[in-house]
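Working through the structure, step by step
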Amino acid sequence: RVPFRWEDPLDLESQLSEEEITIRDTARDFCREYLAPRVLHAHRSEDFDNSVLPAMGAIGLLGPTIQGYGCAGVNYVSYGLIAREIESVDSGYRSTASVQSSLVMHPINTFGTDAQKQKYLPALAKGELIGCFGLTEPNHGSDPAGMDTIAEETDGGFVIRGSKTWITNAPVADVFIIWARCKWDGKVRGFILEKARRKFPNGLQGLTAPRINNKLALRASTTGSIFMDDVHVPGDALMPGAVGLGAAFSCLNSARYGISWGVMGALESCLALARKYALERHQFNRPLASFQLVQKKLADAHTEVALGLQTSLRVGRLRDAGRATPEMISIVKRNNCGKALGHARVLLDILGGNATADEYHIGRHVANLQVTNTYEGTYPQDIHTLILGRAITGIQAFT
Ligand code: TGC
Ligand code: FAD
């Protein structure tokens, strides 16, 4: 009989190359040694830890799929494996990293000029600059097409006015990727704005990014609003290739794909923690793990981890071959986020009263996983349901 390893039920290991395993192990060691000891303080205090992005940058975890500019230049499967390891500690750390990689470095690399790439990418890769991505607005979340932020042409540059909200990294960001509707032709375009802090003491006037305090989840990451009060930006702030909403949505493809791996990492952590607890804790003179009802909770979560990782791996392989579509990414984002939240919530019950104590971690993951179901397509995955419904029927049901 071939031995069965519950930790890797469908033998994912054998589907990875040596290089992918090395990258995964490097990320795993970093997460265990650097992030895990910090996470309870970060969660309790809601303080953004300035050391985290530079530490990730030092071992090549930022913008890892980009070739050159000090980036690792690895494949999308490796990117997913990194997200899985980071989110096994906390979704907030993964958010911080995936915004930097997928929503800031990716658009600059894809849509920017050579000068923009040279200026920003090496420092973003090192974590010396922090980036954020402003698409969501107070009145336009699921439907960014209705955005109110506008850009007007002025002598040699642009004036941008409007606001964004619920923006990861915004309060600590130096580089703002801002999506605005352009008055001259009605198209949405992407701009790079420099905040007057740290590396850009002469940054833009009228750009502020106050923090949103007292979040119930993702407290290890920081989130803010962005206000742009007639911000005069130079002509070279425009990313020439970032034209149309499709450009903004193409950045979401990378981030949503990474989230599909990440949330499986969070569920794997919950499973390992619940299993250990169930083996150690005794009631009725027996370990909790000996009760059939407890075993069902573990088996259900375990099956979804196994299936979810396989589907993300498949989409990653297709993406690396240039054959992944946004609909495929909607399948894994929708499925894995929903399954991770549902099963983490059930595993939490195994802890009994201790579920209430944050040092048992599962409750923090449950709170975080609610948000992963909200951003990048909402809970209960309505937007991805409708993206898939449209693909299946040919009829859009958003409006
Ligand atoms: P629609 O007509 O569908 O498309 C407009 C244009 O965009 C193209 N397109 C895509 N291109 C590439 N990738 C995709 N995924 C694309 N989806 C659409 C499309 O082909 C079209 O191109 P063209 O050339 O024909 O003009 O646009 P719509 O306005 O009807 O929107 C549809 C909908 C609802 C799917 C879209 O608005 C949507 O995805 N809404 C959800 C919004 C969202 O996910 N926001 C995320 C904000 S960022 C964030 O949350 C970061 S959290 C990160 C963290 O902390 O980890
Ligand atoms: P709404 O769009 O108002 O949706 C409310 C409810 O209505 C949801 O249940 C939704 O599913 C439902 N709904 C909406 N339209 C339909 C429809 N057509 N059919 C059926 N149901 C519908 N955004 C960024 O741009 N950058 C970031 O870095 C970023 N980081 C975030 C970090 C955090 C912690 C959070 C919470 C959010 C972040 N977001 C970010 C914003 C996030 O992407 C939005 O919250 C999300 O897109 C949903 O928009 P909304 O909150 O306006 O909800």
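By the naming in an unreviewed UniProt entry, the chain is Acyl-CoA dehydrogenase domain-containing protein, taken from Russula earlei.

Let's shift gears to unusual backbone geometry. A positive phi angle, close to 60 degrees, is found at Y69, a residue other than glycine. Tracing the backbone through its elements, the reader meets Y69 in the loop between α3 (52–58) and α4 (76–89). Unlike most non-glycine residues, N285 shows phi in positive territory, near 65 degrees. If you trace the backbone, N285 turns up in the loop between β9 (282–283) and β10 (286–287). Judged by C-beta crowding, with 6 C-beta atoms within 10 Å, N285 ranks as exposed.

As a further point, take the site of ligand 2. Residues in close proximity to ligand 2 total 21 residues, the closest being T136, G141, S142, T378 and D382. Counting residues per element, the ones that place at least two in the shell around ligand 2 are β1 (131–134), β3 (157–168) and α11 (382–393). Among the elements that take part in the shell around ligand 2, β3 stands out by supplying three residues, more than any other. Split into classes, the residues belonging to the shell around ligand 2 amount to 11 nonpolar, eight polar and two charged.

Where a protein is soluble and globular, its nonpolar side chains tend to be buried together. V104, F191, L267 and A344 are the most contacted members of the largest nonpolar core, which has 107 residues in total. The element best represented in this core is helix α7 (residues 245–280), accounting for 16 residues. Apart from the residues lying within four places of it in its own chain, the contact partners of V104 are V99, L124, G131, C132, F133, V175 and I177.

Before going further, it helps to spend a moment on the pairing of strand β7 (residues 223–234). Two elements, β3 and β7, share nine bridges in a ladder whose sense is antiparallel. Along β7, the bridge assignment pairs S163 with F227. The sheet contact formed by strand β6 (residues 207–208) and β7 spans two bridges and is antiparallel. When the bridges of β7 are listed, L207 appears paired with M228.

What counts, and where the lines are drawn
- Residues numbered from 1 in each chain as written.
- Chains lettered and ligands numbered in written order.
- Predicted model: local features only at pLDDT ≥ 70, side-chain atom pairs only at ≥ 80, totals over all residues.
- Helix = DSSP H or I, 4+ residues; strand = E, 2+ residues; numbered from the N terminus.
- Buried ≥ 20, exposed ≤ 12 C-beta atoms within 10 Å, placed from the backbone.
- Near = placed C-beta within 6 Å.
- Nonpolar A, V, L, I, M, F, W, Y, C, P; charged D, E, K, R; others polar.
- Core = buried A, V, L, I, M, F, W, Y, C linked by C-beta atoms within 7 Å.
- Contact = placed C-beta atoms within 7 Å.
- Pairing = 2+ DSSP bridges.

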